[in-house]
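# Examination of the molecular architecture
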There are 2 protein chains.
Amino acid sequence: MNRSEALGAVFFLSVGLLRGESGYDAWLRYERLSGAALDQYRQEVPAVLATLDESVVSFSARDEIVRGMRGMLGRTLRAESSVPQESAVVLGTLEEIRRAVPAWRLEASLAADAFWLKTVTAGRVNYIVITASNDRGLLYGAFALLRKIALGEPVANLDEREAPYAPIRWVNQWDNLDGSIERGYGGRSIFWENGRAREDLRRVGDYGRLLASLGINGCSINNVNANPRVLSPDFTPQIARIADALRPWGVRVAIAVDFGSPKSIGGLETFDPLDFKVAEWWKSRLDGIYQAIPDLAGIVLKADSEGRVGPSTYGRSHADAANVLARALKTHGGLLFYRGFVYDHHMDWNNPKNDRARAAYDNFHDLDGKFDDNVVIQIKNGPIDFQVREPASPLFGALEKTNEAIELQITQEYFGQAFHTVFLVPMWKEVLDFDTHAGNAMASTVKAVAAGKTFARPAGGFAGVANIGLDENWSGNQLSQANLYGYGRLAWNPDLSAKRILDEWTKLTFGADSKVDNTIAAIQLSSWRTYENYTGPLGLQTLTDIVGDHYSVNVEASERNGWGQWHRADENGVGMDRTVASGTGYIGQYRPAVAKMYESLETCPDDLLLFLHHVPYSYKLHSGKTVIQYIYDSHYEGADAVAEYVRQWKALRGRVDEQRYSQILAQLRYQAGQAIVWRDAVTTWFQRASKIVDAQGRAEHYPGRYEAESMKLDAYTVHDIAPAPAEDASGGKIVACTGAAVCTATLDYNGEPGWYTLNVEYFDLANGISHYRVFVGKQLVAEWSGDLRLPSRRMDAGASTRRVIPGIALRPGDEIRIEGRPDGREQAALDYLEIVREKN
Amino acid sequence: MNRSEALGAVFFLSVGLLRGESGYDAWLRYERLSGAALDQYRQEVPAVLATLDESVVSFSARDEIVRGMRGMLGRTLRAESSVPQESAVVLGTLEEIRRAVPAWRLEASLAADAFWLKTVTAGRVNYIVITASNDRGLLYGAFALLRKIALGEPVANLDEREAPYAPIRWVNQWDNLDGSIERGYGGRSIFWENGRAREDLRRVGDYGRLLASLGINGCSINNVNANPRVLSPDFTPQIARIADALRPWGVRVAIAVDFGSPKSIGGLETFDPLDFKVAEWWKSRLDGIYQAIPDLAGIVLKADSEGRVGPSTYGRSHADAANVLARALKTHGGLLFYRGFVYDHHMDWNNPKNDRARAAYDNFHDLDGKFDDNVVIQIKNGPIDFQVREPASPLFGALEKTNEAIELQITQEYFGQAFHTVFLVPMWKEVLDFDTHAGNAMASTVKAVAAGKTFARPAGGFAGVANIGLDENWSGNQLSQANLYGYGRLAWNPDLSAKRILDEWTKLTFGADSKVDNTIAAIQLSSWRTYENYTGPLGLQTLTDIVGDHYSVNVEASERNGWGQWHRADENGVGMDRTVASGTGYIGQYRPAVAKMYESLETCPDDLLLFLHHVPYSYKLHSGKTVIQYIYDSHYEGADAVAEYVRQWKALRGRVDEQRYSQILAQLRYQAGQAIVWRDAVTTWFQRASKIVDAQGRAEHYPGRYEAESMKLDAYTVHDIAPAPAEDASGGKIVACTGAAVCTATLDYNGEPGWYTLNVEYFDLANGISHYRVFVGKQLVAEWSGDLRLPSRRMDAGASTRRVIPGIALRPGDEIRIEGRPDGREQAALDYLEIVREKN
């Protein structure tokens, strides 16, 4: 580098600023305390950290305490290996503490991974003891102590024990070996690239740290739609490298496998699970893997689902399939996760008795008791597929002699991906706290059943499909980090409230400014309801393009195909009749108390009404509002709520570091525009279908909106939009610039003089960067490029994007001209111009 | 770009954040107002902006108003070309206003570049009129209106006229055609690369905007040590392109030329200014340039100085040289700036009568009246060369029939370059307000003389050597931007106070947080005195390596050579005797009243004592303190002051955007370390020279300091340091790692137990990145790379850098080990370790 070029950068480089508030450190920022809090913790935290345990995980705990205290207190604790004659933090297993701390006269036993923070006094010396029965517990205790300080909680006279709610607290990565991630919205894989483990696995180590801070102890590192190569012997070192990177954080690695592997890569002629050679092959191959990775946590298997091969090829059962792998894992202490997500995606839509929601129960209920003790059935929270709202899967309450884990999706596949803020913890809480009425135990909630408590199962717990990738902020959207945090905290302790979890996350991630924290809480805690309001209320499910990007609004995409995400809305009514009495009988899969509640319209909750019943549009909800009016109202409420988020966020300017402030503002602004697209699409569709007009007259009436196709066009041409005209574009038509370098759409303004905001709705595709200019008369008032990279690959609602141009003074007679220059395959397409009066 | 990689970045790209608070927008950020201020200005600023004048400069004014109002008020004014029937901002020359605004009944004339902001009421309609006699005045008026709003000043009922103090308000770029910049510390040239104007000149346009906002109207675009190529005909288009980029901002371009050009590129056998062919050549070449750039402002010439050829080659005078160019410029209205910086740099040090400070006066005084009317003698503020403190040049008061301009150096050549914060306005103010006692006019201050007021000269004013380059923040150091701002504001109105200028700059650059503004004011306004205190008090000049980088401390570098920056400190005393009575007679160059004040020790100000007198160390200042004790005290005060700046700045965490907060914190921390290096070097040198010990016992006694050479060394070897052992390293010795991959220096600590800061003083060169680790016992407590890119190219005081490691708990018996790994030509060299007790 040339000297004079380098000079100015010198203080920039030496600070390493960009990582500072990029979101990379997530909730482990260890921001420096100040004032009285700093003074107090400096008094209370001793200078010495004695680490009695010598495992690699304990050393992570030690290093984390040093790092955290250095960050928060500006002090480097003295890392010693024995208990000093002065006050100290002492880190050691119960046995080590008993031996080394004479003042310790406590008897206790602690579950695996549990920890105990306990202050012990010996004369003038205080020991802050962090103890556990295993090193992972020590690590969790270390993170807990640091979190207390970061949250401003007292650390004098500690006496706190925490044990995890369930032994299984895993994340699943749907990362492909080529580095792409199925349903990943936070960048490419941190694990894989070009068919191998990445050269640089530091991100994996840093991810392990994030996971450990939440108590997560397992990670399945490749897509459940598994590449058979993962099992080939020459690939094992790749897995081992990743296991090495996660091991210091107490995170054990699992892999997802393809059930056809014995044949596809094993050289056998069959993969029949009851074939002796197949069983031998699994055993031998897994023995080989365990030689390289003795602590492999297990295997995740997706079989007989969505085109994956499975035991049905040979007429065998899921139990046969699961057990053949489980037995190969057993001697190594490994678990076999068998995914409950098995269904027929070629069902006949015309048969009103067909019901995908029944599939999990129908597939697994009869097999209860047939699975080995190290098999875990991994059951999605709802019976369909991570929709905006579903009832708890009836399978949870239906297995008494089989291990379960609840599969939650942290990545926002049906929740706006990285482009919408939706805090999922309240939804998860609702499912986890749902009472299955299974068994005779006191605790029959989903969480209790899944954790193995209800039926005293040897295994059970949580599997979360992760939302992270190589993006500097891990998740694509800064606020989506809260979902990973929330998942981990719930897996550790599902009794925590959503508000408590969110408050922790916000304070750790953004600092202790109460205005910031309150604003983020207001946004995040209402965000699920808001998203549901504009995407699919009353149990309609997410009304998206289910056969495409799972992102764009498309009310009919779920119908008339075999995928079974049907809502059966038509001109007469809406909803899937899943009653026992007249419908698919799905409700009968629940225990009687639940079934009774769902079966009756009297007691069925409004939020799930259309998931469970088919009703006319005029059906009155418990609130007295009709279904159709609720659909209208909720969509307007949802869109208004996001607009309000933008206003709330803008009030934080100067209180949040600029990098994250700007990114979140841009994200919320975009979301506010998309919420209007959803609102308009869904309300239009239902108004046309139901022929019952919105009592408030809003649907299909947009004051100040001028359709592009009705403007004076020069070179722009009018197009019908496919596949769903009424939803994909306002007025069902767009204008596109297909045959010219520049096209214009012009409007003669004849309204009142005043200050206005101009909203230009246009289509921003990923395969081109069109350029737009807006003129009032001869004056250029706005100019931008369509450079967003949205999930949509075609001109549909998901590509529809809003440019908000505030502060424009209009006078009668003004000519408003929008000029578009297409680029690549992006045709500078416009939907409409909206002119909104501003208050003076 | 791969899709999933791109996704996360989407909201990042669309905000363009990095430029946001990078410093690029400097004082023209137009940050959005809020609350009552926003409401009020939205009421007071009308919706229409009528621009009556149609020049490119007026259009810049119009666009700037639109941009500024959009930024601050969130509103896009309606840019119209005639006066509307509603309230408006009206931009037009006096003549245009008279014609178009019926309510305008005012008679006035305005000087060139002056402006008038005047509210005119016609019924219910208000016009905010911005008027001037020329378009540049309109542009300056536009910036003034925007600045008022940004500063929160009222804009209702305006009636403000401002005229520039002087017609010449220029910057000089010392940019070489290869893209390097002589004494440039803000990156490479924005004008040149590889011998041509840069392809992308947008930065030049943006620079023009910054300059115009200050009223700067001329820019000399190449180094005064000029490459003859600048005059070759095929190069003219390069100059023209830059002139085109600056023209919309009313900034006229000038060039610096080589006096030997008629011979070196013109094909003549001579460059004798009195040779007819030479005169013809200059005329013809300049005619050619004016054909391409009709508004070329003129030429800057450095001749007969520091190796540049000049008229002395032919025994001609400076007037002969200046006039031959001036006559070629005359018909085009161009000015010839002849630099007064002419001196002999091979003077005999042993002759006590020799004095470089005399040179400017001696060279030019006798030529007064011999220069054409379009010649301007460009005189540096002091008689030497931009030292930390000099008296005003006596030449200012000595020319009555010659145009002058004062040359101020905005770039911090002798002021710590981009690595130290020094706000130069207070120094400039002192010179500008200095009374030369010239002429009989009331106003005989330097500013009045230089502006041409005292002797009613046709030209006069300001030339500032700029401090900008391609760095994102222009200046390398964010706080150094204030110097460019301050220079421009002083050139416009030298009667503004330093505080007023700084308050404006701070508010515009960092916003209106009073804690931020007060802190920055406290730092900036004291920074010159602080820097002087640790680099060269009492008129000693900057005690730096004057034959090298002009950065590192080196007390003797100025002595025993021909450069004439002598301070003549020896064992008996210190200071240059420039008296008439016994010295060089320099004081006699001033007008009698000034000479009398300086000649007498009674009346000579302490701050200039050693610049003007040679005194014994025991000489008592007016304060009663001895010179030697003042040298000790001021150095400690200076170093302490920078340490205090760091503390003050840290209190702004969260109030200043993180990017600038971090950069400035890193810069101030570094400066705090260098101030200690200076302090120790200078106090040691003078204590050894004077043999009078510091009465406070500080010099050469450093509690808690352990010299590296006295530590237990493994592979490190001890070296004497050249060229100035006592100044370049504490104890005169360093340890370097020259023959091993890793070297260590170890100390057995036997002090009190407690919390300590460890300061490791090491040498950070630009030609390698050594790696350091510090251990206490087995514990790694700090780790860093020597990755600064400082001006020093060798191990000297300027490369000496401090790593501050706070929060270390030490106990008696601890072993402190510093480990260095050399890299490239950087030898992981250490000076010392300092152990400083922290308060608990």
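Cut-offs applied
- Residues numbered from 1 in each chain as written.
- Chains lettered and ligands numbered in written order.
- Predicted model: local features only at pLDDT ≥ 70, side-chain atom pairs only at ≥ 80, totals over all residues.
- Heavy atoms only, no water.
- Helix = DSSP H or I, 4+ residues; strand = E, 2+ residues; numbered from the N terminus.
- Rg over C-alpha atoms; globule rule 2.2 N^0.38 Å.
- Buried < 20%, exposed > 50% of the residue type's maximum accessible area, 1.4 Å probe, protein only.
- Contact = heavy atoms within 4.5 Å.
- Areas by Shrake-Rupley, 256 points an atom, 1.4 Å probe, with all protein chains shown as cover.
- Lys, Arg positive; Asp, Glu negative; His and termini not counted.
- Charge placed at Lys NZ, Arg CZ, Asp CG, Glu CD.
- Axes fitted to C-alpha atoms, helices over the stretch in contact; angles between N-to-C directions.
- Parallel < 35°, antiparallel > 145°, perpendicular 65-115°, else oblique.
- Nonpolar A, V, L, I, M, F, W, Y, C, P; charged D, E, K, R; others polar.
- Disulfide = S-S within 2.5 Å.
- Core = buried A, V, L, I, M, F, W, Y, C linked by side-chain atoms within 4.5 Å.
- pLDDT = per-residue confidence, 0-100.
- Pairing = 2+ DSSP bridges.
- Salt bridge = Lys/Arg side-chain N within 4 Å of Asp/Glu carboxyl O.
- Expected span 1.5 Å × (residues − 1).
- Polar contact = N/O pair within 3.5 Å; in protein donor to acceptor, adjacent residues only side chain to side chain.
- Left-handed = near helix turned anticlockwise from the far one by under 90°.
- 1 Å grid on protein atoms, 1.4 Å probe; cavity = no way out; pocket = protein on both sides within 12 Å on 5 of 7 lines; lining within 4 Å.
- Points joined across faces, edges and corners; volume = space filled by probe spheres on them.
- Phe/Tyr/Trp six-rings, centres within 6.5 Å; stacked < 30°, edge-to-face > 60°.
- Lys NZ or Arg CZ within 6 Å of the ring centre and 35° of its normal.

## Some remarks on the overall build of chain A
- Within chain A, the secondary structure is distributed over 23 helices and 29 strands.
- Against the compact-globule benchmark of 28 Å for 840 residues, chain A has a radius of gyration of 29 Å, which places it among compact chains.
- With 840 residues in all, chain A has 66% of them scored as buried.
- Long-range contacts, defined here as pairs at least 24 residues apart, represent 74% of the contacts in chain A between residues at least 6 apart.
- When the accessible surface of chain A is summed, it comes to about 28,300 Å², and 49% of that surface belongs to carbon and sulfur atoms.
- Taking the 91 positively charged and 106 negatively charged side chains of chain A as two groups, their mean positions are separated by 4 Å.

## Concerning the packing of helix α5 (residues 56-73) of chain B against helix α7 (residues 135-150) of chain B
All names here are of chain B.
- Relative to each other, α5 and α7 sit at 10 degrees, their axes nearing to 8 Å. Taken together, the axes of α5 and α7 are roughly parallel relative to one another. Residue-level inspection shows V57, S58, S60, A61, E64, I65, G68, M69 and M72 of α5 in contact with α7, the latter providing D135, R136, L138, L139, A142, F143, L145, L146, I149 and A150.
- The residue makeup of the contact of α5 with α7, split by class, is 13 nonpolar, 3 polar and 3 charged.

## Some words on the state of the cysteines
Residues and elements named next belong to chain A.
- What the rule picks out here adds up to 2 disulfides over all chains.
- Here C737 pairs with C743 through a disulfide, and the sulfurs are 2.0 Å apart. Handedness here is read from the sign of the S-S torsion; for C737 and C743, about 75 degrees, the answer is right-handed.

## Structural notes on the nonpolar core
- Ranked by internal contacts, the top residues of the largest apolar core, which has 226 residues, are W649 and F686 of chain B.
- For this core, the element with the highest residue contribution is helix α22 (residues 658-690) of chain B, accounting for 14 residues.
- Not counting residues within four places of it along the chain, the set of residues in contact with F686 of chain B comprises L540, L543, V555, A569, V574, Y617, I628, I631, Y632 and K691 of chain B.
- Within the second largest apolar cluster, 225 residues are counted, among which are V300, L484, I523 and V682 of chain A.

## Thoughts on the side chain of T744 of chain B
- Residue placement: T744 of chain B occurs in strand β23 (residues 743-748).
- If we ignore the near neighbours within four places in the chain, the residues touching T744 of chain B are K712, L713, D714, Y716, R817, I818 and E819 of chain B.

## Focus: the confidence of the model for chain A
All names here are of chain A.
- Chain-level statistics for chain A give a pLDDT mean of 95 and a share of 98% at 70 or above.
- Counted against residues more than four places away or in other chains, residues 1-10, with its pLDDT under 50, gives 22 contacts.
- Note that pLDDT drops below 50 for residues 12-19; the model gives that stretch 16 contacts with residues more than four away or on any other chain.
- This prediction of the complex comes with two scores: 0.93 for pTM and 0.90 for ipTM.

## As for unusual backbone geometry
- We note that E306 of chain A has phi near 50 degrees; this positive angle belongs to a residue other than glycine.
- With relative accessibility at 30%, the residue E306 of chain A sits in the partly exposed group.
- With a phi angle near 60 degrees, H550 of chain B is a residue other than glycine that sits in the positive phi range.
- As for its placement among the helices and strands, H550 of chain B is situated in the loop between α18 (514-535) and β17 (573-574).
- Exposure remark for H550 of chain B: the relative accessible area of 7% places this residue in the buried category.

## Details of the sheet that holds strand β6 (residues 159-162) of chain B
Residues and elements named next belong to chain B.
- Taken in spatial order, the 6 strands of this open sheet run β2-β1-β3-β5-β4-β6, and their pairing is mixed. Strands with a single pairing partner mark the edges of an open sheet, and in this sheet they are β2 (78-80) and β6. Strand-to-strand, the axes of this sheet are offset by a mean angle of 20 degrees, without reference to chain direction.

## A look at the pattern of salt bridges
- What the rule picks out here adds up to 129 salt bridges over all chains.
- Of the charged contacts, one joins R247 of chain A and D244 of chain A as a salt bridge, the two residues approaching to 2.7 Å between their closest N and O atoms.
- Residues D159 of chain B and K118 of chain B are paired through a salt bridge, measuring 3.6 Å at the closest nitrogen-oxygen approach. In this pair, D159 of chain B is assigned in strand β6 and K118 of chain B in strand β4 (residues 115-122), connecting sequence segments 41 residues apart.

## A closer look at the pairing of strand β27 (residues 800-810) of chain A
Residue and element names in this part refer to chain A.
- For β27, a buried count of 8 out of 11 residues is recorded, marking the element as mostly surrounded by other parts of the structure.
- Across 9 bridges, the pairing between strand β24 (residues 754-763) and β27 is antiparallel. By the bridge assignment, G754 is partnered in β27 with L810.

## Focus on helix α12 (residues 318-330) of chain B
Residue and element names in this part refer to chain B.
- Here α12 spans 18 Å end to end across 13 residues, near enough to the 18 Å set by a 1.5 Å rise per residue.
- Taken together, the buried positions of α12 are H318, A319, A321, A322, N323, V324, L325, A326, A328 and L329.
- Close packing links the buried residues of α12 with β11 (252-257), α11 (276-292), β12 (298-301), β13 (335-339), α13 (359-364) and β14 (375-380).
- One side-chain oxygen at the N-terminal end of α12 lies 3.1 Å from the backbone nitrogen of A319; it belongs to S317.

## Side note on the packing of helix α16 (residues 481-492) of chain B against helix α17 (residues 498-510) of chain B
Residues and elements named next belong to chain B.
- Viewed as axis vectors pointing N to C, α16 and α17 meet at an angle of 130 degrees, and their least axial separation amounts to 10 Å. For the element pair α16 / α17, the angle class is oblique. Note that α16 runs across α17; the crossing there is right-handed. Along its contact with α16, which presents Q481, A482, Y485, G486, R489 and L490, the element α17 presents I501, L502, E504, W505, L508 and T509.

## A few points about the environment of T402 of chain B
Residue and element names in this part refer to chain B.
- If you trace the backbone, T402 turns up in the loop between β14 and β15 (403-409).
- Judged by relative accessible area, which is 2%, T402 ranks as buried.
- When the C-alpha positions of T402 and F455 are compared, they lie 8.8 Å apart, and in sequence the two are 53 residues distant.
- Setting aside its immediate chain neighbours within four residues, T402 contacts D368, G369, F371, I377 and R457.
- Within the structure, T402 has its side chain in polar contact with the side chain of D368 (distance 2.5 Å).
- A distance of 3.3 Å separates a polar atom in the side chain of T402 from the backbone nitrogen of G369.

## Things to note about the environment of R578 of chain A
Residues and elements named next belong to chain A.
- If you trace the backbone, R578 turns up in the loop between β17 (573-574) and α19 (592-599).
- R578 has contacts with D355, A357, I384, G583, T584, G585, Y586, I587, F611 and L612, leaving out every residue within four places of it along the chain.
- At a separation of 3.0 Å, a polar atom in the side chain of R578 contacts the side chain of D355.

## Looking at the sheet that holds strand β3 (residues 88-93) of chain A
Residues and elements named next belong to chain A.
- A sheet is described by the order of its strands in space; here 6 strands give the open sequence β2-β1-β3-β5-β4-β6, paired in mixed fashion. Where the open sheet ends on each side, the last strands, each with one partner, are β2 (78-80) and β6 (159-162). Averaged over all neighbouring strand pairs, the angle between strand axes comes to 20 degrees, with direction disregarded.
- Bridge count between strand β1 (residues 48-51) and β2: 3 bridges; the pairing is parallel. Paired with L49 across the strands is A79, a residue of β2.

## Brief notes about the layout of surface pockets
- Its boundaries defined by the atoms lining it, the second largest pocket holds a volume of some 480 Å³.
- In this structure, the second largest pocket is lined by 21 residues; those nearest its centre are Q43, V45, P46, A47 and S87 of chain B.
- Within the residue set of the lining of the second largest pocket, elements represented by two or more residues are β24 of chain A together with α4 (35-44) and β5 (125-132) of chain B.
- Looking at which element gives the most residues to the lining of the second largest pocket, the answer is α4 of chain B, with 3 residues.

## Some words on the packing of aromatic side chains
- Counted under the stated rule, the structure contains 70 aromatic pairs over all chains.
- Judged by centre distance (5.8 Å) and plane angle (20 degrees), the rings of F115 of chain B and W492 of chain B are stacked. Taken together, the positions of F115 of chain B in strand β4 and W492 of chain B in helix α16 put the pair 377 residues apart, joining distant regions of the chain.
- On the basis of relative accessible area, F115 of chain B is assigned to the buried category, the value being 2%.
- Seen from their ring centres, W170 of chain B and F337 of chain B are 4.3 Å apart, and the 35 degrees between their planes marks the pair as tilted. One end of the pair, W170 of chain B, is in strand β7 (residues 168-172); the other, F337 of chain B, is in strand β13, with 167 residues separating them in the sequence. Exposure class is identical for W170 of chain B and F337 of chain B. Each is buried.
- An aromatic cluster is present here, built from F259, F271, W281, W282 and Y314 of chain A joined pairwise through their rings.
- In this structure, R578 of chain A packs its charged tip against the face of F611 of chain A, placed 4.2 Å from the ring centre.
- In this arrangement the basic side chain of R203 of chain B is found over the ring face of W474 of chain B, its NZ or CZ atom lying 4.0 Å from the centre.

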